[in-house]
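Remarks on the overall topology
Each chain is listed here by its residues.
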Amino acid sequence: MAERDAAPQLGSAIASLDDLFASERPTAVVVQGDTNSALAGAIAANAHDIPLVHVEAGLRSFDRRMPEESNRVLTDHLADVCCAPTEGNRRNLLKEGIPAERIVVTGNTVVEAVSSALPDQTTRLATRRRYGLVENEYVLATLHRPENVDDELNLRHLLVELAALPLPVVLPLHPRTQKRVEEFGLELLLRRLTCTEPLLYREFVTLAHGAALVVSDSGGLQEEVTVLKRPIVVVRRSTERPEIEEVFGTLTPPGAMLGTVLKNWLATASERHEQLALLPSPYGDGHASLRVARLIEKQATLPTRPLSTMT
């Protein structure tokens, strides 16, 4: 959705939640991430004086050009409990003046999500064969952010550089990307890539698990590769997940250096696979949802707002 549509989308979501909270008041409202819907939930909860729990709090790119950055900051400052995935996220919140008693380091639920979604080895093999792929002999790419796909030169350059890689490149096409390819007349560039429809999550994590290298502008995928132990090149100006930089991946903007960065990371992929296999995910131990659930359960025993934290 284009940024100019964000305001009416946000207003509509707030109005709908306002009606819901007026008729069915919840014990607490839980929002996750940095989407417009998360901010809408936070604003509506605050208007009704309902305790708010923000899961995935404290992420910061420090780049106000990124629409999600404002959503993250506003939601965190409205939240009664900020569930921070990492200590770094906790420090971000403290620097902004959010009281320490409102912050809990829980880890990120992405660790559990990926672990539970990844099929067994037999199913993974069958999925790769269905797409004609061999483990560690292909690249998985995703592109959808405005800075990459809404700029014709950037999108053209990205598709050309992906096609120039020495391994097959699988590109599940986001609807926004598909639309821009058609608008800019870049369909011929897709012929050199293995393009698919958007994939079911289990299929997607299967292909990511077997890829030699992942190339993406996704925020969530930066976390997912730390569970799958795959290296990633993040094609963006900035990232809210610095934990992956130069360990699980690297950040590079679209531009002249992109091709060199991609080829260098692909050339060292095998060595990186061995190194990453030994590293724990920086996003926790796989029990984040249990910690968040306990926070919500504790709220049910409190007579009034605000939420207190747990140890």
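Coordinates for the structure precede this section.
Values in this document were obtained by computation on a predicted structure and should not be read as measured data.

Moving on, we get to the overall build of the chain. For the chain, the helix and strand inventory stands at 15 helices and 10 strands. For the chain, whose C-alpha radius of gyration is 20 Å, the value lies close to the compact-globule estimate of 19 Å for 311 residues. Counting only C-alpha atoms, the chain reaches 60 × 45 × 35 Å along its principal axes. Across the 311 residues that make up the chain, the buried fraction comes to 50%. With an accessible surface of roughly 14,300 Å², the chain has 54% of that area assigned to carbon and sulfur atoms.

Across the interface, helix α6 (residues 121-130) lies against helix α11 (residues 201-210) with an axial gap of 10 Å and an inter-helix angle of 90 degrees. Considering their axes alone, α6 and α11 lie roughly perpendicular with respect to each other. Along the contact surface, α6 presents Arg124, Thr127, Arg128 and Arg130, while α11 presents Glu203, Thr206, Leu207, His209 and Gly210. A breakdown of the residues in the contact of α6 with α11 according to their chemical character gives one nonpolar, four polar and four charged.

Per the stated rule, a full pass over the model turns up zero aromatic pairs. Its end group placed over the ring of Trp265, Arg272 keeps NZ or CZ at 3.5 Å from the ring centre.

As a further point, take the layout of surface pockets. Reported here for the largest pocket is a volume of approximately 1,400 Å³. For the largest pocket, the lining is made up of 47 residues, of which Thr35, Glu68, His144, Arg145 and His174 are closest to its centre. Where the lining of the largest pocket is concerned, the elements lending two or more residues are α1 (6-23), α2 (36-47), α3 (67-78), α5 (110-117), α9 (175-184), α11 and α12 (220-228). Broken down by class, the residue content of the lining of the largest pocket amounts to 19 nonpolar, 16 polar and 12 charged.

Parameters and conventions
Residues numbered from 1 in each chain as written. Predicted model: local features only at pLDDT ≥ 70, side-chain atom pairs only at ≥ 80, totals over all residues. Heavy atoms only, no water. Helix = DSSP H or I, 4+ residues; strand = E, 2+ residues; numbered from the N terminus. Rg over C-alpha atoms; globule rule 2.2 N^0.38 Å. Buried < 20%, exposed > 50% of the residue type's maximum accessible area, 1.4 Å probe, protein only. Areas by Shrake-Rupley, 256 points an atom, 1.4 Å probe, with all protein chains shown as cover. Axes fitted to C-alpha atoms, helices over the stretch in contact; angles between N-to-C directions. Parallel < 35°, antiparallel > 145°, perpendicular 65-115°, else oblique. Contact = heavy atoms within 4.5 Å. Nonpolar A, V, L, I, M, F, W, Y, C, P; charged D, E, K, R; others polar. Phe/Tyr/Trp six-rings, centres within 6.5 Å; stacked < 30°, edge-to-face > 60°. Lys NZ or Arg CZ within 6 Å of the ring centre and 35° of its normal. 1 Å grid on protein atoms, 1.4 Å probe; cavity = no way out; pocket = protein on both sides within 12 Å on 5 of 7 lines; lining within 4 Å. Points joined across faces, edges and corners; volume = space filled by probe spheres on them.

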